[in-house]
Amino acid sequence: MIWKDHGELFVRHKKNPILTVEDWPYQANSVFNPAAAIVDGKTLLLVRVEDHRGFSHFTVARSNNGIDGWEIDAEPTLTPDAINYPEEIYGIEDPRITYIDEMGKWAVAYTAFSDSGPLTSLAFTEDFRNFERIGATLPPENKDSAMFPVRFNGRWAMLHRPVSSMSGAKANIWISFSPDMRYWGDHQVLLYAREGGWWDARKIGLSPQPIRTYDGWLIMYHGVRPTTSKTSYRLGLALLDLEDPRKVLHRSEGWVFGPRELYERSGDVNDVVFPCGWVLNDDQIRIYYGSADTSVSMASAKLSDVLEYIHECPEEQCPAEFCRAFEGHRHITPE
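Re the overall build of the protein
Point 1. Regarding its fold elements, the protein presents 3 helices and 21 strands.
Point 2. What you see for the protein is a C-alpha radius of gyration of 19 Å, in line with the 20 Å of a compact globule of 335 residues.
Point 3. If one aligns the C-alpha atoms of the protein with their principal axes, the spans along those axes are about 55 × 45 × 40 Å.
Point 4. Burial analysis of the protein (335 residues in total) assigns 57% to the buried set.
Point 5. Contacts in the protein between residues at least 24 apart in sequence constitute 51% of all its contacts with a sequence separation of at least 6.
Point 6. Accessible surface for the protein amounts to roughly 14,500 Å². Of this, 48% is attributable to carbon and sulfur atoms.
Point 7. Computing the positive centroid from 34 side-chain charges and the negative centroid from 48, the protein places the two 3 Å apart.

Topic: the pairing of strand β16 (residues 216–226)
Point 1. Burial of β16 is extensive: 9 of the 11 residues sit out of reach of the surface.
Point 2. Counted along the chain from strand β15 (residues 211–213) to the antiparallel partner β16, the turn is 2 residues long.
Point 3. With 10 bridges connecting them, β16 and strand β17 (residues 231–240) associate as antiparallel partners. In the sheet register, Met220 faces β17, and the bridge partner there is Leu237.

Description of the pattern of salt bridges
Point 1. Taken as a whole and assessed by the stated rule, the structure comprises 22 salt bridges.
Point 2. Between Asp144 and Arg161 there is a salt bridge, and its shortest N-O distance comes to 3.5 Å. Taken together, the positions of Asp144 in strand β10 (residues 142–147) and Arg161 in strand β11 (residues 156–162) put the pair 17 residues apart, joining distant regions of the chain. For the pair Asp144 and Arg161, one class covers both residues: buried.
Point 3. Beyond isolated ion pairs, a larger network of salt bridges with shared partners links Glu8, Arg12, Arg260, Glu261 and Glu264.

Notes on unusual backbone geometry
Point 1. Cis geometry is found at the peptide bond from Asn16 to Pro17, where omega equals -10°.
Point 2. In the segment running from Pro140 into Glu141, the intervening peptide bond is cis, with an omega of -15°.
Point 3. Tracing the backbone through its elements, the reader meets Glu141 in the loop between β9 (131–138) and β10.
Point 4. Of note, the phi angle at Asp40 is positive, near 55°, even though the residue is not glycine.
Point 5. As for its position among the elements, Asp40 is in the loop between β2 (30–39) and β3 (42–50).
Point 6. Within the chain, Asp186 stands out as a residue other than glycine whose phi angle is a positive 50°.
Point 7. Mapped onto the elements, Asp186 comes out in strand β13 (residues 185–191).

Observations regarding the packing of aromatic side chains
Point 1. All told, the structure shown has 13 aromatic pairs when counted by the stated rule.
Point 2. An angle of 85° between the planes, with centres 5.5 Å apart, marks the rings of Phe148 and Phe152 as edge-to-face.
Point 3. Judged by its relative accessible area of 0%, Phe148 is buried.
Point 4. The class of Phe152 is buried, set by a relative accessible area of 6%.

Section: the pairing of β3
Point 1. Most of β3 sits out of view: 8 of its 9 residues are buried.
Point 2. The turn joining β2 and β3, which pair antiparallel and follow one another in sequence, is formed by 2 residues; a positive phi near 55° is taken by Asp40.
Point 3. In terms of strand pairing, β3 meets strand β4 (residues 56–63) through 8 bridges, oriented antiparallel. Among the inter-strand pairings, Leu46 is bridged to a residue of β4, identified as Val60.

Some remarks on the sheet that holds strand β21 (residues 295–302)
Within a sheet, adjacent strands bond to each other through the backbone by hydrogen bonds, running parallel or antiparallel.
Point 1. In spatial order, the strands read β1-β21-β20-β19; together these 4 strands make up an open sheet with antiparallel pairing. Each edge of the open sheet is held by one strand with a lone partner, namely β1 (11–12) and β19 (273–281).
Point 2. Sheet analysis places β19 next to strand β20 (residues 284–291), joined by 8 bridges and oriented antiparallel. If you follow Val273 over to β20, its bridge partner there is Ser291.
Point 3. Packing of helix α2 (residues 303–311) onto the sheet brings it into contact with β19, β20 and β21, and relative to β21 it is tilted by some 75°.

Rules used in this analysis
- Throughout, a residue's number is its position along its own chain's written sequence, starting from 1.
- Whole-chain, interface and lining totals are the exception, using all residues; otherwise, since this is a predicted model, local features are given only for residues with pLDDT of at least 70 and side-chain atom pairs are given and counted only at 80 or more.
- Water and hydrogen atoms play no part in the side-chain values, which are based on all heavy atoms of the structure.
- Only DSSP runs of H or I covering at least 4 residues are called helices, and only runs of E covering at least 2 are called strands; the numbering of each starts at the N terminus.
- Radius of gyration: C-alpha atoms only; globule rule: 2.2 Å multiplied by the number of residues to the exponent 0.38.
- Here the term buried applies to any residue with accessible area under 20% of the maximum for its type, exposed to any over 50%, and partly exposed to those in between, with areas from a 1.4 Å probe on protein chains only.
- Every residue pair with non-hydrogen atoms within 4.5 Å of one another is taken to be in contact.
- Each accessible area is a Shrake-Rupley estimate made with a 1.4 Å probe; only the visible protein chains count as cover when residues are assessed.
- Only four residue types enter the charge count: Lys and Arg as positive, Asp and Glu as negative, with His and the chain ends excluded.
- Where a charge sits is defined by one atom per residue type, namely NZ (Lys), CZ (Arg), CG (Asp) or CD (Glu).
- Strand pairing is assigned whenever DSSP identifies at least 2 bridges connecting the two strands.
- Definition used for salt bridges: Asp or Glu carboxyl oxygen within 4 Å of a side-chain nitrogen of Lys or Arg.
- Each Phe, Tyr or Trp ring, with Trp reduced to its six-membered ring, pairs with another whose centre is within 6.5 Å; inter-plane angles below 30 degrees give stacked pairs, above 60 give edge-to-face pairs, and intermediate values give tilted ones.
- Between the N-to-C directions of two axes lies an angle of 0 to 180 degrees, each axis being a line fitted to C-alpha atoms and, for a helix, fitted only over the stretch in contact.

That is the geometry; function is a separate question.
Next up, the structure:
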């Protein structure tokens, strides 16, 4: 089968970047990597804000159209609490938000930057003003966590990305389960980083929270590709089974969005597009992403086009002619 290059699926908004530090009501170094949701008919972004120490916190920005006219909280919305949660001593980063209908609350999964390295943490909110911290969910080093909005066979599920310090170890996306969102187990790899010259070889991680579609759970992930002169963050897609999210139905071979414009190529960290949130508006899916770790931008695509594309992608995580040994890991027997 001859591979067809679809190019980029998502179209950048002409007003990008839609939020910069110049829009902020208080002093900050940069604003980026926002979680996103539709709340009370408005687009709500929970934006990562980095101060001039290098520490991050979260601030809410709301907009009627999701593009401009942003109402930004005058002060930080959620700040690190290193006294009660010492794992947050160096800040909190990269939130993903999921509405848990059973609880009537939003789950905010984020990275706490501890003295031992980054780790996954969880909090809940009903109004994005008051937050109930659960605290650390998994030990360091781990990042890029997000909740599914429903239980599977009575258990909650979370995606995350542990990293090993072992030489040659790959950074893969894992899935874990919990009866109460506090204690997590049944850890297993969901998506493997590929090998060799692939755009997503060696290191991948979840981007926004999973979205439920009629075809399956749609997830977007980033691949990190180092070269001799730089490292680029690009985005791919996968589709998971609705009843058993451990089953990968399709996975894109090529990347579907990557750094191209100057605001994505030059900043605090060059060559980065990093979405922590996306929203559905009828048939339009919008990704809100950090541009070069400096500003917030938006790109969109038709959900129908995205699903049509992912259904054309292989059921295998990696074509057999490249990764025969790799494929032995993907078959999972459901409980």
